[in-house]
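# Per-entry structural report
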Amino acid sequence: DEEGGDEAGDEAGGGMSEGAVLVAGCGYVGTAFAERLWGAGRRVYGLTRSGRAMPAGVLPVRADLGSIAALRAAIPSDVTCVAFTAAADGRSAEGYRAVYVDGLANLLDVVSGRAVARALFTSSTAVYGQDDGSWVDEASPAEPARETGAILLEAERVLGSAPMATASLRLSGIYGPGRTWLVRRVAAREAHVAPPGAPPVYGNRIHRDDCAGALAHLFALDALAPVYVGVDDDPAPLSDVHAFVAARLGVTLAEGPVGEARGGNKRCRATALRAAGWRPSVPSYRDGYPAIVDAWRAEARA
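Presented here is an overview of the structure given in this document.

Conventions and cut-offs
Residues numbered from 1 in each chain as written. Predicted model: local features only at pLDDT ≥ 70, side-chain atom pairs only at ≥ 80, totals over all residues. Heavy atoms only, no water. Phe/Tyr/Trp six-rings, centres within 6.5 Å; stacked < 30°, edge-to-face > 60°. Helix = DSSP H or I, 4+ residues; strand = E, 2+ residues; numbered from the N terminus. Buried < 20%, exposed > 50% of the residue type's maximum accessible area, 1.4 Å probe, protein only. Lys NZ or Arg CZ within 6 Å of the ring centre and 35° of its normal. Axes fitted to C-alpha atoms, helices over the stretch in contact; angles between N-to-C directions. Parallel < 35°, antiparallel > 145°, perpendicular 65-115°, else oblique. Left-handed = near helix turned anticlockwise from the far one by under 90°. Contact = heavy atoms within 4.5 Å. Nonpolar A, V, L, I, M, F, W, Y, C, P; charged D, E, K, R; others polar. Salt bridge = Lys/Arg side-chain N within 4 Å of Asp/Glu carboxyl O.

### Some thoughts on the packing of aromatic side chains
Under the defined criterion, the tally for this structure stands at six aromatic pairs. Ring centres 5.0 Å apart and planes at 70° place the aromatic pair Tyr96 and Tyr100 in the edge-to-face group. With Tyr96 and Tyr100 both in helix α3 (residues 93–111) and four residues apart, the pair spans about one turn of that helix. Overall, the relative accessible area of 9% leaves Tyr100 in the buried class. Its guanidinium or amino end placed over the ring of Tyr28, Arg179 lies 4.1 Å from that ring's centre, counting from NZ or CZ. The aromatic ring of Tyr202 is capped on one face by Arg267, whose charged end is 4.5 Å from the ring centroid.

Put into structure tokens, the structure is as follows:
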């Protein structure tokens, strides 16, 4: 979905052992996390199926999550922590299952017989089916409204059965540098603001840098809860977000339907993460979108 972080010094101690970290899936979030770990002095491997270039300092490991044999041959023996941040190709149930359930199970099968002490999985707030604007956190029932959400919940159970410390980080709509879908819609006046009196449709966000920061924070904890919600501090009506971006762009939006929040109309909060000491470095869309808007505008003028 497009619609928080901790300092590097927070990542060195606590629950992480001193071995290497394997980041399985170096995409938008995984790459930011891998860079953060490397900057904190950790040895980091980036697992990729395609052999794509890794960030500076991150060592590439090429293997397909669909092959246990390939994973067993490719994953270095000094890995002691794993973060599964892979993304499915598209939104089909088959694609989700292949990566999040089967791929995760294969990876855990390989590392479970090694000295791997901790594994994290980036899940989604899509496991919550609430659609009435209510507040949701780790204590709320996870009853997905869509099959893809049910598959992610199944993947969380796969993770939880592994013989090591594990946690699923349920992320909301991830935005940040380069993710300009909303900005482009507002600039084209394809987005709307709600008419007066319309019931709010809430959306939830977390900045890419805070996804990486939350993962690093969980790696550093001495003990893990089974699940954490990863969101910023400002679950806001979509209309408000549209209006804010429009004001930054200097455009006026017409009143009309604001659309549906991709994750359902709910307000998520990171209760367990905050109780564990984490705070987002980008607490609101008001803090995160100006840089995205300005970068998009500069690129459009170039």
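### Points about the packing of helix α7 (residues 238–249) against helix α9 (residues 285–301)
The contact between α7 and α9 brings their axes to 10 Å, and the two run at 40°. By the criterion of interaxial angle, the relationship of α7 to α9 is oblique. Note that α7 runs across α9; the crossing there is right-handed. Packed against α7, whose contacting residues are Asp240, Val241, Phe244, Val245, Arg248 and Leu249, the element α9 presents Tyr285, Arg286, Tyr289, Pro290, Val293, Asp294, Trp296 and Arg297 at the interface. Broken down by class, the residue content of the contact of α7 with α9 amounts to nine nonpolar, no polar and five charged.

### Re the pattern of salt bridges
Under the criterion given, the structure shown has 10 salt bridges. In this structure, the salt-bridge partner of Asp78 is Arg43, at a minimum N-O distance of 3.2 Å. Linking Asp78 in the loop between α2 (68–74) and β4 (79–84) with Arg43 in the loop between α1 (28–39) and β2 (44–48), this pair joins segments that are 35 residues apart in sequence. With relative accessibility at 28%, the residue Asp78 sits in the partly exposed group. Taking the shortest distance from any N to any O, the salt bridge between Asp89 and Arg49 comes out at 3.3 Å. Highlighted residues: Asp89 in the loop between β4 and α3 and Arg49 in the loop between β2 and β3 (59–62), separated in sequence by 40 residues. For Asp89, a relative accessible area of 56% puts it in the exposed group. Its relative accessible area of 53% is what places Arg49 among the exposed residues. Counted as one network, the salt bridges with shared partners bring together Arg248, Asp294 and Arg297.

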